Amino acid sequence: MRLEGKTVLVTAAGQGIGRAAALACAEQGAHVIATDLDAALLDYAGAHGAGQVETRKLDVCDPAAILAIAEALPDLDGLFNCAGFVHHGTVLQITDADWEFSVMLNVTSMLRMCRAFLPGMLRKSGSSGTAAILNMASMASSIKGFPNRTAYGATKAAVIGLTKGIAADFVAQRVRCNALCPGTVDTPSLRGRIAQADDPEAARRDFIARQPMGRLGTPDDMVPMIIYLLSDESRFVTGQALCVDGGVTI
Ligand code: NAD
């Protein structure tokens, strides 16, 4: 019961890493608010282990919706900003619209989520110990360069900067902020990217080949680090970008 008594909100909790995180947080005793743009993916409200999952539609690109949900919910102990998008292409192929969309979904949405929920987290951290924000970054082209990931890498590097800035500003008030940098994880969007490749078999082989452990990660491979960073076990850890990448960044 590593999150017993805590209230944790997860974005992009409809599938992939966000969904695994939401279910795992509930199993560890948290009251989870699982949110996603696609409400149809949030079909798992109810009791999970010792915790409870409540589901809400939330488009993190909608600033009014962020303010409304922050107003409606109780103060949070944990916020996992998971939503993000992979743009495929080099700097020569990125249109201004692609760039602006990547910045909006991958970075600006996290800034707005943090700004909306931080006041409540500061109240919580004052009374109950520590509150924790976890921002989803990536090792891809933010820490280690990969082809066709310029917009993605730039925005995920910005997530790490945002994380360190928040961590530095609120360390004395015991709100911690860390970033998770996964390797390549087998999720619906990865499968979609593989399916769209000219040669899907070769694309899958290439994704696996860049993983030194010889396999893709799974959402469950991410869960222990997510629980650690949202729980008080990581009470002395803030401002860090933690890689869970199967050895890519050795
Ligand atoms: P995914 O991409 O398969 O699913 C993403 C979810 O986000 C979907 O449920 C979708 O409905 C939701 N979503 C999309 N736009 C949204 C919006 N505007 N507001 C709210 N929700 C929205 O999931 P994934 O592959 O686990 O990726 C989740 C995060 O992990 C992303 O930030 C991604 O960049 C990051 N990440 C993924 C990998 C990987 O290999 N899968 C690696 C490193 C980092």
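These numbers were taken from a predicted model, which means no experiment stands behind them. Chains are numbered independently. Their residues run from 1 in the order of the written sequence. Reporting in this predicted model follows two pLDDT cut-offs: at least 70 for local features of residues, and 80 or more for side-chain atom pairs to be given and counted; totals over whole chains, interfaces and linings ignore these cut-offs and use all residues. With hydrogens and water stripped out, all remaining heavy atoms of the structure feed into the side-chain values.

### A few points about helix α2 (residues 63–72)
Defined as follows: Exposure classes here rest on a 1.4 Å probe applied to the protein chains alone. A residue is buried below 20% of its type maximum, exposed above 50%, and partly exposed in between. Numbering of helices and strands runs from the N terminus, with a helix taken as a DSSP run of H or I at least four residues long and a strand as a DSSP run of E at least two residues long. Note that the arc is computed from the directions linking the helix axis to the C-beta atoms. Polar contact is defined as a pair of N or O atoms within 3.5 Å, subject to the rule that within protein one atom must be able to donate a hydrogen and the other to accept it, and that residues adjacent in sequence are counted only when both atoms are side-chain atoms.
For α2, every residue scored as buried is listed here: Ile66, Ile69 and Ala70. Buried residues in α2, looked at end-on, bunch into an arc of 100°, giving them a common side. Exposed residues pointing more than 90 degrees away from the buried face of α2 are listed as Ala64, Leu67 and Glu71. Between the side-chain oxygen at the start of α2 and the backbone nitrogen of Ala64 there is a gap of 3.0 Å, and the oxygen is on Asp62.

### A few points about helix α7 (residues 219–230)
Going by this rule: Here a helix's expected span is defined as the number of its residues, less one, multiplied by 1.5 Å. Here, two residues are considered to be in contact whenever any of their heavy atoms come within 4.5 Å of each other.
Between its first and last C-alpha, α7 extends 16 Å over 12 residues, near the 16 Å set by a 1.5 Å rise per residue. Regarding α7, the residues found buried are Pro219, Met222, Val223, Met225, Ile226, Ile227, Leu229 and Leu230. Close packing links the buried residues of α7 with β1 (7–10), α1 (16–27), β5 (78–81), β6 (131–136), β7 (175–182) and β8 (241–244).

### Details of the pairing of β5
Here is the rule we go by: Strands are labelled as partners when DSSP assigns at least two bridges between them.
Of the two faces of β5, both are covered, the one formed by Gly78 and Phe80 as well as the one formed by Leu79 and Asn81. Judged from the three bridges that link them, β1 and β5 form a sheet pairing that is parallel. Each residue of the ladder has a partner; that of Val8, found in β5, is Gly78. Pairing between β5 and β6: four bridges, direction parallel. Bridge pairing links Leu79 to Ile133 in β6.

### Here we look at the layout of surface pockets
Rules: Think of a 1 Å grid over just the protein atoms. A cavity is a set of points where a 1.4 Å probe fits yet cannot get out, a pocket is an open set with protein on both sides within 12 Å along at least five of seven lines, and lining residues have an atom within 4 Å of a point. Grid points are joined across faces, edges and corners, and a volume is the space filled by probe spheres set on the points.
Each pocket or cavity is described by its volume, and for the largest pocket that value is around 1,400 Å³. As for the largest pocket, its lining consists of 49 residues, of which Gly84, Phe85, Val86, Ser189 and Arg193 are closest to the centre. When residues of the lining of the largest pocket are traced back to their parent elements, those giving at least two are α1, α3 (96–128), α4 (150–170), α5 (188–196) and α6 (200–209).

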